[in-house]
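# Observations on the three-dimensional arrangement
Here are the chains, one letter per residue:
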Amino acid sequence: MISFIVAMDKNHVIGLNNRLPWRLPRDLRFFKEKTTHQTIIMGRKTFDSIGKPLPNRKNIVLSRSGGDFPPEIEVVSDINKILEWNQADPEKEYFVIGGAKIYEQMLPFADRMYITWIDHAFQGDTYFPQFSEAEWELTAKEREEKDEKNPYDFYFLQYDRKK
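On a predicted model such as this, the values are computed, not experimentally measured, just so you know. (Residues numbered from 1 in each chain as written. Predicted model: local features only at pLDDT ≥ 70, side-chain atom pairs only at ≥ 80, totals over all residues. Heavy atoms only, no water.)

## Brief notes about the sheet that holds strand 5 (residues 73-76)
- Read across the open sheet, the eight strands follow the order 5-4-3-6-1-7-10-9; overall the sheet is mixed. Among the strands making up the open sheet, the edge pair consists of strand 5 and strand 9 (136-144). The sheet shows a mean angle of 25° between the axes of neighbouring strands, taken without regard to direction.
- Two elements, strand 7 (residues 112-118) and strand 10 (residues 154-161), share seven bridges in a ladder whose sense is antiparallel. When the bridges of strand 10 are listed, Ile-118 appears paired with Phe-154.
- Contacting strand 1 (2-9), strand 3 (39-43), strand 6 (94-98), strand 7, strand 9 and strand 10, helix 1 (residues 25-35) crosses the sheet at an angle of about 175° to strand 1.
- Packing of helix 3 (residues 79-88) onto the sheet brings it into contact with strand 1, strand 3, strand 4 (58-62), strand 5 and strand 6, and relative to strand 5 it is tilted by some 110°. (Pairing = 2+ DSSP bridges. Helix = DSSP H or I, 4+ residues; strand = E, 2+ residues; numbered from the N terminus. Axes fitted to C-alpha atoms, helices over the stretch in contact; angles between N-to-C directions. Contact = heavy atoms within 4.5 Å.)

This is how it looks when you write it as structure tokens:
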């Protein structure tokens with residue numbers, strides 16, 4: 001199963017200057033809970049923004065140009081490799097964690113989306129691609145209210161592709 005995991009604002013902003021434009025510890029905890037002991041797939045810019053392999057995960061970087069990556073990183077130059085893995089083991093969940101170009105390229109193949117939807121508008125330069133809600137079913141929705149550590153109201157949404 002190919003799953004997206006992403007946080008976005010009400011305008012689909014996901015980044016500004018290769019960084020998240022917000023701080024939401026509860027969302028980071030959700031990300032960690034979902035992706036620990038899983039395979040995560042990201043583009044080179046997303047890896048650069050993180051700066052290191054994420055622990056307790058298989059880290060895959062999609063990059064046509066290759067580059068100098070730590071030995072814990074597996075570099076793949078073509079999304080077809082991911083699609084082959086998914087076809088060989090469709091029960092395994094592969095988490096696409098960004099960035100925008102990777103989400104856009106992988107959207108036709110995604111089976112599930114975990115979206116943290118932040119009820120706020122941020123300045124940004126990177127956006128999650130538009131998707132047709134007619135192709136997706138909202139299967140879970142959990143509201144989180146702002147508090148002293150999480151300064152925005154937000155929702156954890158799960159969409160599954162309609163069969």
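## Digging into helix 1
- When we look at burial in helix 1, the residues that qualify are Arg-26, Asp-27, Phe-30, Phe-31 and Thr-35. All buried residues of helix 1 fall inside an arc of 155° around its axis, so they share one side. Residues of helix 1 that are exposed and angled more than 90 degrees away from the buried face: Lys-32 and Glu-33.
- For helix 1, the elements touching its buried residues are strand 1, strand 3, strand 6, strand 7, strand 9 and strand 10.
- Backbone geometry just after helix 1 places His-37 at a positive phi near 65°. (Buried < 20%, exposed > 50% of the residue type's maximum accessible area, 1.4 Å probe, protein only. Arc of directions from axis to C-beta.)

## Let's talk about the packing of aromatic side chains
- On inspection of all chains with the given rule, the structure shows 15 aromatic pairs.
- On the numbers, 4.3 Å between centres and 25° between planes, the contact of Phe-30 with Phe-156 is stacked. Residue Phe-30 is found in helix 1, and its partner Phe-156 is found in strand 10; the two are separated by 126 residues along the sequence. Accessibility assignment for this pair places Phe-30 and Phe-156 in one class, buried.
- Their ring planes at 70° and their centres at 5.7 Å tell us that Phe-131 and Tyr-159 sit as a pair that is edge-to-face. With a gap of 28 residues between them, Phe-131 in the loop between strand 8 (126-127) and strand 9 and Tyr-159 in strand 10 connect regions that are remote in the sequence. (Phe/Tyr/Trp six-rings, centres within 6.5 Å; stacked < 30°, edge-to-face > 60°.)

## Things to note about unusual backbone geometry
- Residue Gly-99 follows Gly-98 across a cis peptide bond; omega there is 0°.
- Here Gly-99 is to be found in the loop between strand 6 and helix 4 (100-106).
- Positive phi values are uncommon outside glycine, yet Asn-17 reaches one of about 55°.
- Looking at the element boundaries, Asn-17 is found in the loop between strand 2 (13-15) and helix 1.
- Overall, Asn-17 belongs to the exposed group, its relative accessible area being 59%.
- In the Ramachandran plot, Asn-56 falls in the positive-phi region, its phi being about 60° despite a non-glycine side chain.
- Position of Asn-56 relative to the elements: it lies in the loop between helix 2 (44-50) and strand 4.
- On the accessibility criterion, Asn-56 (53% relative accessible area) is exposed.

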